[in-house]
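A closer look at the structure
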Amino acid sequence: MRFKGRTLKLLAVFLLCGIILYFIIYQRREIHRMTYYPKLELDVSVDVDKQYDVSPLHYTGQKLNTSVWTNCKPPLDRSIGLDRNQAKSYTNLISYVNRSFTAGNVSIVIVGGAAIGSYLFHDYLPWDDDVDLNILDTDIPKVVKFLIHMIKTTDNGLYVHEYEHSEISLFRWSCDNRTDISHRGEELTRVLSDTTKLILFKIFRCRDNYAGRYIWKFPFADISIFQSNKTHLWQIADKKIYLKEKIFPTKFRPLNSEWFPTPRDTLYYLRTLLPEFWCMIGIWDHDFELPQKETKYDCASITKCYPIVYRYPHRQGSLEVLALNGMVLHKVIIPGKYDRNLLPKQPLSVW
């Protein structure tokens, strides 16, 4: 009987140790998934009562500076990502889309690599070469109205396709087709409203160069659709589900030289989208629409060669300071709750 009692005690101890060990490993895993970097001691003269200038940024990107790029380990190849002209063209294009959608009361949000770049660098990721945006399914009628108006009044083109089959057009309006599109509104609405497929539509400027052998031009804005109910958002063929209140209404953040709508709780969005980060060049070149070699980088080295955002509490939200090697490039206020400093310890994955 005494032996049986000791056995039960030992089993209870082992069970308790197992539970404790599980939580220790789980917590360490969570910590390693996303590491917060410490505040940099900068001479930012933070005044929590001061209203800082939040006008559009004038910083255009240190990434074209050879010395900055070569400080990364391994050195970043200047041929990847966007050059200055492409970045300017991208910014003008998504700025036009954003202003037009906002004027039409369409909810739009920057997602993917552009959201990560805005949060970490106030700029495009140095290795990224496309911009992804999402709209709500409930806004499709208003989006169709905008797209038809855009084609009638600008030299922009439109290409709609399924995510995994970009070579198959579901709807297109190429640059050499300037006939009246008014009669195709119902067709476009039907294509965008298909909930059995992950639909993307590309908006591009006809003056730019073709993306490889395809009929759309580069750069282009890739826009997909959030399916939604009262509380959640999701996309077809994507297992990620987001709390609607964490994404909308959006919060404006700097991206390159302008301000764009990003998820309201950007950190929540990034953690849901990419639980584990990889700092790497993706396997696809959107300029030529061709596969490319995947390259990984040491995330910690990015802070030595590319300007990164440091955040400080402010009475209006977060004071965000863009700095490189101790040199302050600009300061802006992001209204709302104070966001923590974030730098992925594991390499940051961008497609």
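Keep in mind it's a predicted model, so treat the numbers as computed, not measured.

**Some remarks on the overall build of the protein chain**
- When helices and strands are counted, the protein chain shows nine helices and 17 strands.
- By residue count, 51% of the 351 residues in the protein chain fall in the buried class.
- Of the contacts formed within the protein chain by residues at least 6 apart in sequence, a portion of 65% connects residues at least 24 apart.
- When the accessible surface of the protein chain is split by element, carbon and sulfur atoms take 57% of a total near 17,800 Å².

**Points about the packing of helix α3 (residues 84-103) against helix α5 (residues 140-153)**
- Here α3 crosses α5 at 125°, and the two axes come no closer than 10 Å. The angle between the axes of α3 and α5 places the two elements in the oblique class. For the pair α3 and α5, the crossing hand works out as right-handed. From α3, Y96, S100 and F101 reach across to α5, where they touch V143, F146 and M150.
- Across the contact of α3 with α5, the residue classes tally to five nonpolar, one polar and no charged.

**Notes on the nonpolar core**
- If you look at the biggest cluster of nonpolar residues, it comprises 78 residues, and the most contacted ones within it are L147, L158, L192, F201 and I203.
- Counting residues per element, this core draws most heavily on α5, at eight residues.
- For L147, the contacting residues outside a window of four places in its chain are L158, L188, L192, F201 and I203.

**Section: the confidence of the model for the protein chain**
- Per-residue confidence for the protein chain gives a mean pLDDT of 75, with 70% of residues at or over 70.
- pLDDT under 50 marks residues 344-351. Its contacts with residues more than four places away, or in other chains, come to 45 contacts.

**Some remarks on the environment of P249**
- Here P249 lies in the loop between α7 (244-247) and β9 (251-255).
- Separated by 15 residues in the primary sequence, P249 and R264 place their C-alpha atoms 6.2 Å from one another.

**Remarks on the sheet that holds strand β17 (residues 327-335)**
- Read across the open sheet, the three strands follow the order β15-β16-β17; overall the sheet is antiparallel. If you trace the sheet from one side to the other, it starts and ends with β15 (308-314) and β17, each paired once. Between one strand axis and the next, the sheet turns through 25° on average, direction left out of account.
- Bridging between β15 and strand β16 (residues 317-324) involves seven bridges; their strand directions are antiparallel. Within β16, the position partnered with R311 by the bridge is E320.

**Some points on the environment of M150**
- Of note, M150 is situated in helix α5.
- Spatially, the C-alpha atoms of M150 and S100 are 9.0 Å apart, while their sequence positions differ by 50 residues.
- Non-local contacts of M150, meaning those with residues more than four positions away in its chain, are made with Y96, N156, G157 and I203.

**Points about unusual backbone geometry**
- Looking along the chain, the bond that leaves F218 and enters P219 is cis, with omega of 5°.
- Relative to the helices and strands, P219 is located in strand β6 (residues 217-228).
- Of note, the bond from F248 into P249 is cis; its omega dihedral lies within 30 degrees of zero at -5°.
- Positive phi values are uncommon outside glycine, yet N105 reaches one of about 60°.
- Mapping N105 onto the fold places it in the loop between α3 and β1 (108-111).
- The class for N105 is exposed, based on a relative accessible area of 58%.
- With phi around 55°, H122 is a residue other than glycine that occupies positive phi space.

**Details of the pairing of strand β5 (residues 199-210)**
- Buried residues dominate β5, accounting for nine of its 12 residues.
- Examined bridge by bridge, strand β3 (residues 156-162) and β5 share seven bridges and lie antiparallel to one another. Bridge assignment links Y159 to a residue of β5, and that residue is K202.
- Bridge analysis of β5 against β6 gives seven bridges, and the strand direction is antiparallel. Counted as the bridge partner of I203 is A221 from β6.
- With antiparallel pairing between neighbouring strands as the criterion, β5 and β6 make up a hairpin whose turn holds six residues, including G212 at a positive phi of roughly 60°.

Conventions used here
Residues numbered from 1 in each chain as written. Predicted model: local features only at pLDDT ≥ 70, side-chain atom pairs only at ≥ 80, totals over all residues. Heavy atoms only, no water. Helix = DSSP H or I, 4+ residues; strand = E, 2+ residues; numbered from the N terminus. Buried < 20%, exposed > 50% of the residue type's maximum accessible area, 1.4 Å probe, protein only. Contact = heavy atoms within 4.5 Å. Areas by Shrake-Rupley, 256 points an atom, 1.4 Å probe, with all protein chains shown as cover. Axes fitted to C-alpha atoms, helices over the stretch in contact; angles between N-to-C directions. Parallel < 35°, antiparallel > 145°, perpendicular 65-115°, else oblique. Left-handed = near helix turned anticlockwise from the far one by under 90°. Nonpolar A, V, L, I, M, F, W, Y, C, P; charged D, E, K, R; others polar. Core = buried A, V, L, I, M, F, W, Y, C linked by side-chain atoms within 4.5 Å. pLDDT = per-residue confidence, 0-100. Pairing = 2+ DSSP bridges.

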